[in-house]
Amino acid sequence: MPEAVAVDPVCVAGVDGCKAGWIAVFRWVASNRAAEVQIFPHFADLLASEHEPHKIAVDMPIGLPEKIGSNGRGPEKAVRPLLGMRQSTVFSIPARAAIYCEDYREACSAALAHSTPPKKVSKQAFHIFPKIREIDQLMTPELEARVYEVHPEVAFWRLNGQEPIAIPKKVKGSSYPAGLDARRDLLVQFGYVASFLDQKPPKGAARDDLMDASVNAVIAERLLYGHAEPFPADFGRDERGLRMAIWA
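Residues numbered from 1 in each chain as written. Predicted model: local features only at pLDDT ≥ 70, side-chain atom pairs only at ≥ 80, totals over all residues. Heavy atoms only, no water.

Observations regarding the overall build of the protein chain
Put simply, the test is: Secondary structure elements follow DSSP: runs of H or I of four or more residues count as helices, runs of E of two or more count as strands, with numbering from the N terminus. Atoms counted for the radius of gyration: C-alpha only. Globule rule: 2.2 Å times residue count to the power 0.38. Any two residues whose heavy atoms approach within 4.5 Å at even a single point are treated as in contact. In these tables, accessible area is a Shrake-Rupley quantity obtained with a 1.4 Å probe, and a residue counts as shielded only by the protein chains included in the view.
Along the backbone of the protein chain there are 10 helices and nine strands. The C-alpha atoms of the protein chain give 18 Å as radius of gyration, which agrees with the globular expectation for 248 residues (18 Å, within 12%). Expressed along its principal axes, the backbone C-alpha trace of the protein chain runs to roughly 65 × 40 × 35 Å. Expressed as a percentage of contacts within the protein chain between residues at least 6 apart in sequence, the contacts between residues at least 24 apart total 63%. Total accessible area computed for the protein chain in this model is approximately 12,100 Å², and 54% of it derives from carbon and sulfur atoms.

See below:
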């Protein structure tokens, strides 16, 4: 009788930006090891984590065009029709020149100069520019084998039978418990225990950050198995050769 071959547990990570930096949820494939959550001040710290995640699914734009056309960046255009009333969660991402502006007015000027028709930057998008820059400065085409762009509401759409979750997770900028509970109940069907999802998040993160990182980790597992798909399917690359696609 042939000797059984041990399968080493493989770690994957779902990541979301938060006040403290980045919140990561780690899952182990081919293992009974429970999911873990950890805060990293910098994305580079996550890449160097002792857990060595094989796939990292992060809710942050990767791949920045030099010019934005009338339809916007390809990934945002591709996923908005999937989300119905949740499509407002998909921010419009401007050209790279605007992303690297640290002043809002300068960012709007750069966005106007690099878009056709000219379009300014939303305040919501501007507030995540530092984190977009952080990843953009680290990313290389080689790192794409590990790091993938995702979007939590697209991830929930995928896990919910390709239907957007009807209840929002935020109302007027504040967490909406009913919406978060609906997402928790769905995630329990994908290997999480409710107590993990209901735990008090680490300092510097909110409950919705934990929920988003958790669903992103499920997509990271789909990426590991080759089950995730890119949006758009015929994705392009920016001038640095970086892939521009949201995976789910």
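Picking up where we left off.
A few points about the state of the cysteines
Operational definition: Any two cysteine sulfur atoms within 2.5 Å of one another count as a disulfide.
Tallied over the full model, the rule gives zero disulfides. No disulfide involves Cys101; its sulfur sits 9.3 Å from the nearest other cysteine sulfur, which is in Cys108.

Regarding the nonpolar core
Going by this rule: To form a nonpolar core, buried Ala, Val, Leu, Ile, Met, Phe, Trp, Tyr and Cys residues must be joined to one another through side-chain atoms within 4.5 Å. Exposure classes here rest on a 1.4 Å probe applied to the protein chains alone. A residue is buried below 20% of its type maximum, exposed above 50%, and partly exposed in between.
The biggest cluster of nonpolar side chains holds 34 residues, and the ones touching the most others in it are Val15, Phe43, Val58, Val121 and Val147. Every element with two or more residues in this core is listed here: β1 (10-18), β2 (21-29), α1 (43-47), β4 (55-58), α3 (96-99), α4 (104-113), α5 (123-127) and α6 (129-138). Ignoring any residue separated from it by four or fewer positions in sequence, one finds Val121 in contact with Pro94, Ala98, Tyr104, Ala107, Cys108, Ala111, Phe126 and Phe129. Of all hydrophobic cores here, the second largest spans 30 residues; its members include Cys18, Leu197, Val218 and Ala220.

Re the packing of aromatic side chains
Our working definition: Two aromatic rings from Phe, Tyr or Trp, using only the six-membered ring of Trp, form a pair when their centres are within 6.5 Å; if the ring planes differ by under 30 degrees the pair is stacked, by over 60 it is edge-to-face, and anything between is tilted. Whether a charge lies above a ring is judged from NZ of Lys or CZ of Arg, which has to be within 6 Å of the ring centre and within 35 degrees of the ring normal.
This structure, assessed with the given rule, holds nine aromatic pairs. Judged by centre distance (5.9 Å) and plane angle (85°), the ring pair of Trp157 and Phe231 falls under edge-to-face. Placement of the pair is Trp157 in helix α7 (residues 152-159) and Phe231 in strand β8 (residues 230-237), with a sequence separation of 74 residues. Ring geometry for Tyr192 against Phe196: centres 5.7 Å apart, planes inclined by 15°, an arrangement best described as stacked. No difference in accessibility class separates Tyr192 from Phe196, as the two residues are buried. Chaining the aromatic ring pairs together yields one cluster made of Phe26, Trp28 and Phe40. A cation over a ring is seen here: Lys123 above Tyr104, with NZ or CZ 4.8 Å from the ring centre. Its end group placed over the ring of Trp22, Lys131 keeps NZ or CZ at 5.6 Å from the ring centre.

Focus on the side chain of Glu144
Topologically, Glu144 is positioned in the loop between α6 and β5 (147-149). Excluding residues that lie within four positions of it along the chain, Glu144 makes contacts with Met139, Arg237, Gly241, Leu242 and Arg243.

Some remarks on helix α10 (residues 207-225)
Condition: What a helix is expected to span follows from its residue count: subtract one and scale by 1.5 Å.
Taking 1.5 Å per residue, 19 residues should reach 27 Å; α10 reaches 28 Å between its end C-alpha atoms and fits that length. Buried residues dominate α10, accounting for 14 of its 19 residues. Gly226 occupies a position one or two residues after α10 and carries a positive phi of about 80°.

Section: α6
Of all the positions in α6, only Phe129, Ile132, Arg133, Glu134, Ile135 and Asp136 are classed as buried. Here the buried face of α6 lies against β2, α1, β4, α3, α4 and α5.

Considering the side chain of Asp209
Stated formally: When charges are counted, Lys and Arg are positive and Asp and Glu negative, with His and the chain ends excluded. Salt bridge criterion: a side-chain nitrogen from Lys or Arg within 4 Å of a carboxyl oxygen from Asp or Glu. Identification of polar contacts relies on pairs of N or O atoms within 3.5 Å, with a donor-acceptor requirement for protein atoms, meaning one able to donate a hydrogen and the other able to accept it, and with residues adjacent in sequence counted only if both atoms are side-chain atoms.
The residue Asp209 is located in helix α10 in this model. Buried within the structure, Asp209 lacks any salt-bridge partner; Lys170 is the closest side chain of opposite charge, at an N-O distance of 5.9 Å. A distance of 2.8 Å separates the side chain of Asp209 from the backbone nitrogen of Ala206, its partner in a polar contact. Among residues more than four places away in sequence, those in contact with Asp209 are Asp16, Gly17, Cys18 and Ile23.

Quick word on the pairing of β1
As a reminder of what qualifies: Here a strand pair is declared whenever DSSP counts at least two bridges between the two strands.
Of all nine residues that make up β1, nine are buried, and the element is covered over most of its length. The side-chain alternation of β1 yields two buried faces, one formed by Val10, Val12, Gly14, Asp16 and Cys18 and the other by Cys11, Ala13, Val15 and Gly17. As paired strands, β1 and β2 are joined by nine bridges and run antiparallel to one another. The partner of Gly14 across the bridge, within β2, is Val25. Counting the residues that bridge the hairpin from β1 to β2 gives two residues. Looking at chain direction, β1 and β4 are connected through four bridges and run parallel.

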